[in-house]
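Chain residues, written in single-letter form:
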Amino acid sequence: MAAQKDLCDAIVIGAGIQGCFTAYHLAKHRKRVILLEQFFLPHSRGSSHGQSRIIRRAYPEDFYTQMMDECYQIWAQLEHEAGTQLHRQTGLLLLGMKENSELKTIQATLSRQGVEHQCLSAEELKQRFPNVLLARGEVGVLDKSGGVLYADKALRALQDAIRHLGGLVCDGEKVMEIKPGFPVTVKSMAGSYQAKSLVITAGPWTNQLLRPLGIELPLQTLRINVCYWREKVPGSYGVSQAFPCFLGLGLSPAPHHIYGLPSGEYPGLMKVCYHHGNNVDPEERDCPEAFSDIQDVQILGRFVRDHLPDLEPKPALLEPCLYTNTPDEHFILDRHPKYDNVVIGAGFSGHGFKLSPVVGKILYELSMKLTPSYDLTPFRMSRFPGLGKAHL
């Protein structure tokens, strides 16, 4: 792309789901926006690729459950605009020991926020979902609003909408330099751009862009094995059998969450994954698995054998995905401490996709210096000691 002639309102770096929704909100409000992406689209190098993600209101924290109300509305609006189905309601089944504190907290949050849900005893679970085996003491909570988002279709719909609204989507343009100030200048491999504000939603590459600007966030990049397991009888864990998404909380043998989505992406295969992974350099994410990767798959295999007996207990397919985690697994949505026209959205910690409609709205508001629609206290970078101004 040739050097840009006119000053635009905002540049967004990173065309994952958060960057796309940010650019979408900017374009919707008639702002001139350029969305830069280092890879050619579509790609599978980051955290937003693949066909499906879980959508749910079930969270321990009230603030996420509250944000999800508007997220559902914006997902429905995008679906209507695109004329393509982006969401399927299946329900979300939370599984855990009766005394599990996280399960109790989620249940209390759902009650407090008036979200329709159902507590299911082991006996009720057995009747509703006979192909789920429970250990003694395990119970369920069904968040009826839970379901599946069609991730790749959502990204495509957003990129099309941004272009339709007059925004520019420039892929294959790796950012080489950011010159802060007003206006902010961004140099890519293909051209130079100037804007009133800059939003950085670069996932695992965030700190590479922020270090020259004087800050480094406590972000950890993890590689996750996205595992698909063959059904012994095709469709037995499918949407057509009214099988829900599920989230296992602290279930043996897994110290971290295990989650699953009904079969559908690949015929006869169900997605069941471990919500944890191993440190990785994003440039090296395709390297052979570490020993700990194999351990994660073994933990999943034992879970599948013990809880989902109608699946083969060895994965038929493994696909890598990157998480960018903060220490508390809450997002960072904030302005740069020195350059207030540089906005950062980072650390989505493997649970940001469903929340991206509101995250994008918040990043749009920060970039335009509007009052944010939500209390950003849980998302400020100042909650991490030794950051921000100490580095400047």
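Reading the values: rules and limits
- Residues numbered from 1 in each chain as written.
- Predicted model: local features only at pLDDT ≥ 70, side-chain atom pairs only at ≥ 80, totals over all residues.
- Heavy atoms only, no water.
- Core = buried A, V, L, I, M, F, W, Y, C linked by side-chain atoms within 4.5 Å.
- Buried < 20%, exposed > 50% of the residue type's maximum accessible area, 1.4 Å probe, protein only.
- Helix = DSSP H or I, 4+ residues; strand = E, 2+ residues; numbered from the N terminus.
- Contact = heavy atoms within 4.5 Å.
- Domains from an automatic or database assignment.
- Pairing = 2+ DSSP bridges.
- Salt bridge = Lys/Arg side-chain N within 4 Å of Asp/Glu carboxyl O.
- Polar contact = N/O pair within 3.5 Å; in protein donor to acceptor, adjacent residues only side chain to side chain.
- Axes fitted to C-alpha atoms, helices over the stretch in contact; angles between N-to-C directions.

> Help me understand the nonpolar core, please; the structure alone is not making it clear to me.
What tends to happen in soluble globular proteins is that the nonpolar side chains get buried as a cluster. Ranked by size, the top nonpolar core spans 48 residues in total, and within it Phe21, Leu35, Trp75, Leu78, Phe331, Leu333 and Leu355 carry the most contacts. The dominant element in this core, judged by the number of residues it contributes, is helix 2 (residues 62-82), at 8 residues. Once residues lying within four places of it in the same chain are set aside, the contact partners of Leu333 are Ile344, Gly345, Phe348, Val359, Ile362, Leu363, Leu366, Leu376 and Phe379. Leu210, Ile215, Ile344 and Phe384 belong to the second largest nonpolar core, which has 29 residues in total.

> What's the story with the domain arrangement of the protein chain in this structure? I'm lost.
Accessible area lost during the coming together of the parts is what is often quoted as the interface size. Structurally, the protein chain comprises domain 1 (8-48 + 152-216 + 329-383) and domain 2 (92-144 + 220-325). The straight-line distance from the C-alpha centre of domain 1 to that of domain 2 is 30 Å.

> What's the story with the pairing of strand 8 (residues 147-150) in this structure? I'm lost.
If a strand is regular, its side chains alternate between the two faces of the sheet. Both strand 3 (residues 52-55) and strand 8 contribute to a ladder of 4 bridges, which runs antiparallel. Bridging across to strand 8, Arg53 finds its partner in Leu149.

> So what exactly am I meant to see when it comes to the pattern of salt bridges here?
Side-chain pairing between opposite charges can occur once the charged atoms of the two side chains come close. This structure, assessed with the given rule, holds 11 salt bridges. Notably, a salt bridge pairs Asp62 with Arg112, separated by 2.7 Å at the nearest N-O pair. Of this pair, Asp62 sits in helix 2 while Arg112 sits in helix 3 (residues 101-112), and the two are 50 residues apart along the sequence. Of the residues examined, Arg112 reaches a relative accessible area of 52% and is grouped as exposed.

> Would you mind showing me how to read the side chain of His257 here?
Counting through the fold element by element, His257 comes out in the loop between strand 14 (245-248) and strand 15 (258-261). Polar contacts involving the side chain of His257 include one to the side chain of Glu102, which spans 2.9 Å. When neighbours within four sequence positions are excluded, His257 is seen to be in contact with Glu102, Leu247, Gly248, Leu249, Cys273, Tyr274 and His275.

> Looking at this structure, how should I read the environment of Lys338?
Position of Lys338 relative to the elements: it lies in the loop between strand 19 (332-335) and strand 20 (342-346). Residue classification places Lys338 among the exposed residues on the basis of a relative accessible area of 53%.

> Mind showing me how you'd approach the sheet that holds strand 3 here?
Hydrogen bonds along the backbone pair up the strands of a sheet, which may run parallel or antiparallel. The strand order 3-8-4 describes an open sheet built from 3 strands, whose pairing is antiparallel. One side of each edge strand has no neighbouring strand; the edge strands of this open sheet are strand 3 and strand 4 (87-89). On average, adjacent strands in this sheet sit at an angle of 25 degrees to one another, irrespective of strand direction. On the sheet, helix 2 packs against strand 3, strand 4 and strand 8 and is oriented at approximately 140 degrees with respect to strand 3. In the packing of helix 5 (residues 151-164) onto the sheet, the strands contacted are strand 3 and strand 8, and the crossing angle to strand 8 comes to about 45 degrees.

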